[in-house]
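Spelled out, the chains give:
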Amino acid sequence: MKVSTVLRRPEELVAHGLAPHETLADLERVAARYAVAVTPEVAGLIDPSDPNDPISRQYIPDAAELVIQPGENADPIGDHPHSPVEGIVHRYPDRVLFKLVHVCAVYCRFCFRREMVGPGKETALSTEAYRNGLEYIRAHPQIWEVILTGGDPLMLSARRLREIMSDLAAIAHVKVIRIHTRVPVADPARVTDEVVDALQTANATTWVAVHANHPRELSETVQAAIARMADAGIPLVSQSVLLRGVNDDAATLAALMRGFVECRIKPYYLHHGDLAPGTAHLRTTIEEGQALMRELRGRVSGLCQPDYVLDIPGGKGKVPIGPEYLSREREEQPTYRVVDYCGDVHKYPPRGSTLDE
């Protein structure tokens, strides 16, 4: 059944064949705790005949979300301890998050801010909180980059986006404004020429980070939305989350990264799943992620290599956790073991040579 509007209630998912009727009671229990929204674009990508459909796993509620594992946390990456004023997260010296809105076009089942977004939460920063956020940025000249997030900042109107970009670009030490968004994938029609124009400002450089997790999400309409930004000269990077049953095999991950590059998006981060409540069924192990990254290395172009990263719980920041290829040998001359993408071991420098010749 063709979907023509955003589906927000479990009974709508069942009525459109996106979830079995027998799961309705469980879906209602999940929806009572976590937001649900499936756009027509996303619904059209789901194969209802496949119980393990990788698009469905990202967006359709699952009873497994009601199972909370030890260590899971409503604030898994520690936004709150690093929030000096409402809406601002200042975790790293030279950049801040500016959380403008608390709504999204869709609600991902693995979202690390799932306790903070959706119906029943504040939809956006108040005028006072927004002004306080700007004042905080003005007062800290070490802030070189402002990252607009939420929620999804592209849920704002073109007029409001233009105002925000102008306000930030007017701060002399803000040189880069980065927008993190799922909208080009979830609701590409929102990426209008007017929105694209609003994202650009003369006094700061705009970057857009596009979130997708499976190559099927890069449909023709999504590619067209991305092209509108790329054609306007906006540099694009990707964000993905490593998800069990979605992209946890080398072929799918390679196709996704190649798809990004073909869309003029540079692969940036592949996130290890955060310890958000009710997401254990979607998380892989770190060892599985490292093995996948090792498979990608050498088998797909260097342009297609993301950084595999972990957000350390408690707000300690991101660290790269990809496989190690280099180790020190215990010899008189500094010598290293280097493992290539095939798993073969080599000595560096080769025997008979010296460093710094």
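Please read these numbers as outputs of a predicted model, since none were measured by experiment.

Rules and cut-offs
- Residues numbered from 1 in each chain as written.
- Predicted model: local features only at pLDDT ≥ 70, side-chain atom pairs only at ≥ 80, totals over all residues.
- Heavy atoms only, no water.
- Pairing = 2+ DSSP bridges.
- Helix = DSSP H or I, 4+ residues; strand = E, 2+ residues; numbered from the N terminus.
- Axes fitted to C-alpha atoms, helices over the stretch in contact; angles between N-to-C directions.
- Contact = heavy atoms within 4.5 Å.
- Core = buried A, V, L, I, M, F, W, Y, C linked by side-chain atoms within 4.5 Å.
- Buried < 20%, exposed > 50% of the residue type's maximum accessible area, 1.4 Å probe, protein only.
- Parallel < 35°, antiparallel > 145°, perpendicular 65-115°, else oblique.
- Nonpolar A, V, L, I, M, F, W, Y, C, P; charged D, E, K, R; others polar.
- Expected span 1.5 Å × (residues − 1).
- Left-handed = near helix turned anticlockwise from the far one by under 90°.

Draft legend 1. Just the sheet that holds strand E6 (residues 236–241), in detail. Taken in spatial order, the nine strands line up as E1-E2-E3-E4-E5-E6-E7-E8-E9 in an open sheet, and their pairing is mixed. In the strand order of this sheet, the two ends are held by strand E1 (88–92) and strand E9 (317–320), each with one partner. The average undirected angle you get between the axes of adjacent strands in this sheet is 30°. When strand E8 (residues 307–312) meets E9, the two strands line up antiparallel, connected through four bridges. Within E9, the residue paired with Val 309 across the bridge is Pro 320. Packed onto the sheet, helix H5 (residues 127–138) meets E1, strand E2 (95–99) and strand E3 (145–149) and runs at close to 175° relative to E2. Lying on the sheet, helix H10 (residues 250–262) is in contact with E6 and strand E7 (265–271); it crosses E7 at an angle near 145°.

Draft legend 2. Local environment of the nonpolar core. Counting residues in each nonpolar core, the largest one holds 88 residues, and the members touching the most others are Phe 98, Ile 137, Val 146, Leu 148 and Leu 168. Contacts of Leu 168, omitting those with residues within four sequence positions, involve Phe 98, Leu 134, Ile 137, Val 146, Leu 148, Val 174 and Ile 177. By size, the runner-up hydrophobic cluster in this structure holds five residues, among which are Ala 35, Ala 37, Cys 104 and Val 117.

Draft legend 3. Highlighting the environment of Lys 316. Positionally, Lys 316 belongs in the loop between E8 and E9. Considered as a pair, Lys 316 and Asp 79 are 237 residues apart in the sequence and their alpha carbons are 9.8 Å apart.

Draft legend 4. Main features of the pairing of E2. In terms of residue burial, E2 counts as a mostly covered element, since four of its five residues are buried. Two elements, E1 and E2, share three bridges in a ladder whose sense is antiparallel. Looking at the pairing, Val 89 lines up with Leu 97 of E2. Across five bridges, the pairing between E2 and E3 is parallel.

Draft legend 5. Summary view of the packing of H5 against helix H6 (residues 158–169). Viewed as axis vectors pointing N to C, H5 and H6 meet at an angle of 30°, and their least axial separation amounts to 11 Å. It follows that H5 is roughly parallel to H6 by the angle criterion. Mapping the contact onto sequence places Tyr 130, Leu 134 and Ile 137 in H5 and Arg 160, Glu 163, Ile 164, Asp 167 and Leu 168 in H6. When its residues are assigned to classes, the contact of H5 with H6 shows five nonpolar, no polar and three charged.

Draft legend 6. Local environment of unusual backbone geometry. Residue Gly 151 follows Gly 150 across a cis peptide bond; omega there is 15°. You can see Gly 151 is positioned in the loop between E3 and H6. Its identity is not glycine, yet Arg 264 carries a phi of approximately 70°, on the positive side. Of note, Arg 264 is situated in the loop between H10 and E7.

Draft legend 7. Spotlight on H10. In this model, H10 (13 residues) spans 18 Å end to end at C-alpha, consistent with the 18 Å of a helix rising 1.5 Å per residue. For H10, the full list of buried residues reads Ala 250, Thr 252, Leu 253, Ala 254, Leu 256, Met 257, Gly 259 and Phe 260. Contacts from the buried residues of H10 go to E6, E7 and helix H11 (286–296). One or two positions beyond H10, positive phi appears at Arg 264, with a value near 70°.

Draft legend 8. Representation of the packing of H10 against H11 in the model. One can describe the packing of H10 onto H11 by two numbers: an axis separation of 10 Å at closest approach and a directional angle of 60°. Classed by the angle they form, the pair H10 and H11 counts as oblique. Of the two possible hands of crossing, H10 and H11 adopt the one that is right-handed. Contacts between H10 and H11 involve Ala 250, Leu 253 and Ala 254 from the former and Leu 292, Glu 295 and Leu 296 from the latter.

No statement about biological role is implied by the geometric values presented.
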